[in-house]
Structures are given as structure tokens and as C-alpha cells.
Amino acid sequence: MENVIIVGTGCAGLTAAIYTARANLSPLVLEGKEPGGQLTTTTLVENFPGFPEGIDGPDLITNMKKQAEKFGARFQYSYLSDFEPGNGHDLPHRVKIDDEWVEAKTLIVASGASARWLGLPNESKLVGHGLTSCATCDGAFYRNVPVAVVGGGDSACEEALFLTRFASKVYLVHRRDTLRASKIMADRALAHPKIEPVWNSIPVEYLADAQGEMRALKIRHADTGTESELEVACVFVAIGHTPNTKPFLGKLPTDEAGYLLQTKGTTTEVPGVFAAGDVADTVYRQAITAAGQGCAAAMDVERFLADQE
Ligand code: NAP
């Protein structure tokens, strides 16, 4: 029987791991399908307190993991595929990890959110062939060629700015005529000479060349319906995220979009199950707020276990 299983190793999960390990709870931490979470796909994080010069996302995650391991957190490269809630007293929670059921007194769900895709035909075929959701991972492959970023939020602006290091031109394709991004990011993106906004434009088709590599993005004007093609070597999709809550659906309360609902602090309606970070956050979604929630969830776990005793 585990004291606490932490699902996810982004900022929330790793902070929860540091706190629960330091409280001698020997947490079992599941890395999941995207170990390290979203920060592993970013470059410089400029707004995490304590790093006046900024810190690389992957470095921040590596440091947090080391810190948790130092206090005795146990990491496992596994994925939670199913979950059976207990009652928080005599009936433990059960989680299925790599085909094996494991029992736990408490659970911290910090499984984050994953990149969304447009859902256009031949999308899955083109991923890795000029279609990606991660500029940091794939941007350097597209040097001196035009590329497109789809989206109008902070992620899209960040991706577009990052891509200016490599691409000859970056089209920022947005379905409206105003960016959703914060003003500082929007201003930075729109002021960059390599970034060309393509307003009121809805992607309708990815066009591949004879070798099956991306050659253009077909877009439709939202008002006129006119279709046109943007000749690009790669399309970077940055249209937000979906919460990673599949194994918990129907077992833990969620909102309409699938984000876990917290009741008080990080507690959920199921006693002994806590939620932290982007999996439950539709408002702030920052590395530092996720870390804060991870800390809170760990403290909630400690108090819950103490109350049980
Ligand atoms: P987001 O803010 O939800 O923006 C998603 C964008 O994609 C919106 O502009 C949306 O258009 C567009 N979109 C959604 N579905 C689409 C579709 N099917 N077709 C075309 N366009 C579509 O997501 P995000 O940019 O990933 O940001 C998520 C959160 O993380 C935000 O809170 C953001 O502040 C934060 N973040 C912060 C930083 C930073 O501080 N450095 C960096 C990245 C992200 P509409 O505008 O028309 O809805």
C-alpha cells in the first residue's frame, strides 16, 4: 500500500514530490506519457521567481526532479491507465500502472494538459513530416524556409518568436483579428520583422508534396470564405491544451472540458484524491501556479493522512 501516488512530473507533480518526500511519505511518482510536462517543450522561462536571467524549462524540471529524489521520491516511467476510487478510510484507491493494480492511501493527480490539434484530414500522417506542436523540439529543422504557427494565444506568440531564430518567415495564422495573448507577448510578436500575422484565417487543409512532406497550409478567410495557400515547410499548431484526465472521467468530477474540479484547496469530491496544476486549472496555467498547487496538494495529503491516523 502506497502512502501517496503522484501522477505526473510537471511543475505540480514534482513540487508535490519534493514536499511529500520531505515529509517522509516516500511518494511513488509516475512520469506518464510526457515526462517533465509542458516545460520540457519550452526554452527560456523568464517568469519563474528566483531566476533573474531566466532558466531553461528542461533545466528547471531536471532540478526539481533531483530535489525530489534527494528526499526519497521514487520515480517510475509508467502510465496510469485506470483508476478505482476508494472511500478515503478502509477502502484504498486503486490505480492501474502498466497492467498492474496498485493500492494507495492518497493520490495527487497532476497529469497536466496536452497540446491540441486541429483535427484536419491527414493530420496524423503529417506529424513529424512538417507538422508539429513543439517549436522547441522541431524548430531548428526548418532553417531559412517559411513556416506557419496556428493560434493566437501566448503559446502561439512564443512559438512564433522562437521560430524567427531559424525560419526565413513565420506566418502567425489566427482565426480572428485580435490576439488572445498577453499584451507583452502580442506586442513582441507583432513587432518582429520576420513574423507576418494572417488574420481571420481558418486552416482547412494540410497540403503535402510527393514525398509526403508539408508543402502548404490551405486557409479560408473567416468572413469572405476565400481560400488561399500559404507555402510553408512546417506548420506549428499552438491552439491550447486538453487536460489529461481520461482515466478519471466518470470517477472524479470534471468540468465540461474535462478539467478536474477541486472542492476546497486541492481536494476533489473523492476523499484522499487531490488535484494540482494544469489538470485542474483553467485560469492561471503558469509554471509557478502549478508548483504552488503541487505544494498545497502535498500539504493536503499530509493533513489527510494525519487525520486518518
Ligand atoms: P490559449 O490561450 O487557450 O489560446 C489558444 C489559441 O488558439 C486562441 O487564440 C484560440 O483562438 C486558438 N484556437 C483554439 N482552437 C482553435 C482551432 N480549432 N482553430 C484555430 N485556432 C484555434 O492557449 P495557449 O496559448 O496555449 O495558452 C494557455 C495558457 O498558458 C494561457 O493562460 C497562457 O497565458 C499560458 N502561457 C503563458 C506563457 C508565458 O507566460 N510565457 C507561454 C505560453 C502559455 P481564439 O482566440 O479565437 O479562441
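To be clear, the structure that these remarks concern was listed above.
Per chain, residues are indexed from 1 in the order of the written sequence. Reporting of local features is limited, given that this is a predicted model, to residues whose pLDDT is at least 70; pairs of side-chain atoms are given and counted only at 80 or more, and all residues count toward the totals for whole chains, interfaces and linings. Neither water nor hydrogens contribute to the side-chain values; these are computed over all heavy atoms in the structure.

K.L.:
When you look at the packing of aromatic side chains in this model, what are you seeing that I'm missing?
P.N.:
The geometry of an aromatic ring pair is captured by two quantities: the separation of the ring centres and the angle between the planes. Working definition: rings of Phe, Tyr and Trp (its six-membered ring) pair if their centres are within 6.5 Å, and the pair is stacked with planes under 30 degrees apart, edge-to-face with planes over 60 apart, and tilted otherwise. For the structure on display, the rule yields five aromatic pairs. On the basis of an interplanar angle of 55 degrees and a centroid distance of 5.3 Å, the ring pair of F83 and F248 is categorised as tilted. Separated by 165 residues along the polypeptide, F83 in strand β6 (residues 80–84) and F248 in the loop between β18 (241–243) and β19 (273–275) bring together distant segments of the chain. For the pair shown, F83 and F248 are each scored as buried. With a centroid separation of 6.2 Å and an interplanar angle of 90 degrees, the aromatic rings of Y142 and F236 are classed as edge-to-face. Within this pair, whereas Y142 is found in the loop between α4 (135–138) and β11 (146–150), its partner F236 is found in strand β17 (residues 234–237), the two being separated by 94 residues in sequence. On the basis of relative accessibility, which here comes to 0%, the residue F236 falls in the buried class. Only runs of H or I of at least four residues qualify as helices and only runs of E of at least two qualify as strands under DSSP, and these elements are numbered from the N terminus. Here's how the labels work: a residue is buried when its accessible area is under 20% of the maximum for its type, exposed when over 50%, partly exposed in between, all with a 1.4 Å probe on protein chains only.

K.L.:
In this structure, what is going on with the nonpolar core? I would like to understand it.
P.N.:
Most often, soluble globular proteins keep nonpolar side chains buried together rather than apart. By nonpolar core is meant a set of buried Ala, Val, Leu, Ile, Met, Phe, Trp, Tyr and Cys residues that side-chain atoms within 4.5 Å join together. In this structure, C11, F48 and I108 are the most contacted members of the largest nonpolar core, which totals 32 residues. Every element with two or more residues in this core is listed here: β1 (2–7), α1 (11–22), α2 (57–70) and α7 (287–308). With near-sequence residues (within four places) excluded, I108 lies in contact with V4, I5, I6, V7, A16, T20, F274, A276, A297, A298 and V301. Within the second largest apolar cluster, 23 residues are counted, among which are L161, L163, A167 and I195. Contact definition: two residues touch when any of their heavy atoms are within 4.5 Å.

K.L.:
Explain the sheet that holds strand β12 (residues 169–173) here, please?
P.N.:
At least two DSSP bridges between two strands are needed for those strands to be called paired. Strands sit in the order β10-β17-β11-β12-β13 across an open sheet of five strands; the sheet is parallel. Strand pairing shows two members of the sheet lacking a second neighbour, β10 (131–132) and β13 (195–198), which therefore form its edges. In the sheet, β11 pairs with β17 via four bridges, with the strands oriented parallel. Across the sheet, the residue bridging to V149 is F236, located in β17. Across the sheet, helix α5 (residues 154–163) lies against β11, β12, β13 and β17, angled at about 165 degrees from β11, the strand it touches most. To obtain each axis, a line is fitted to C-alpha atoms, and for helices this fit is confined to the stretch in contact; angles are then taken between N-to-C directions over 0 to 180 degrees.

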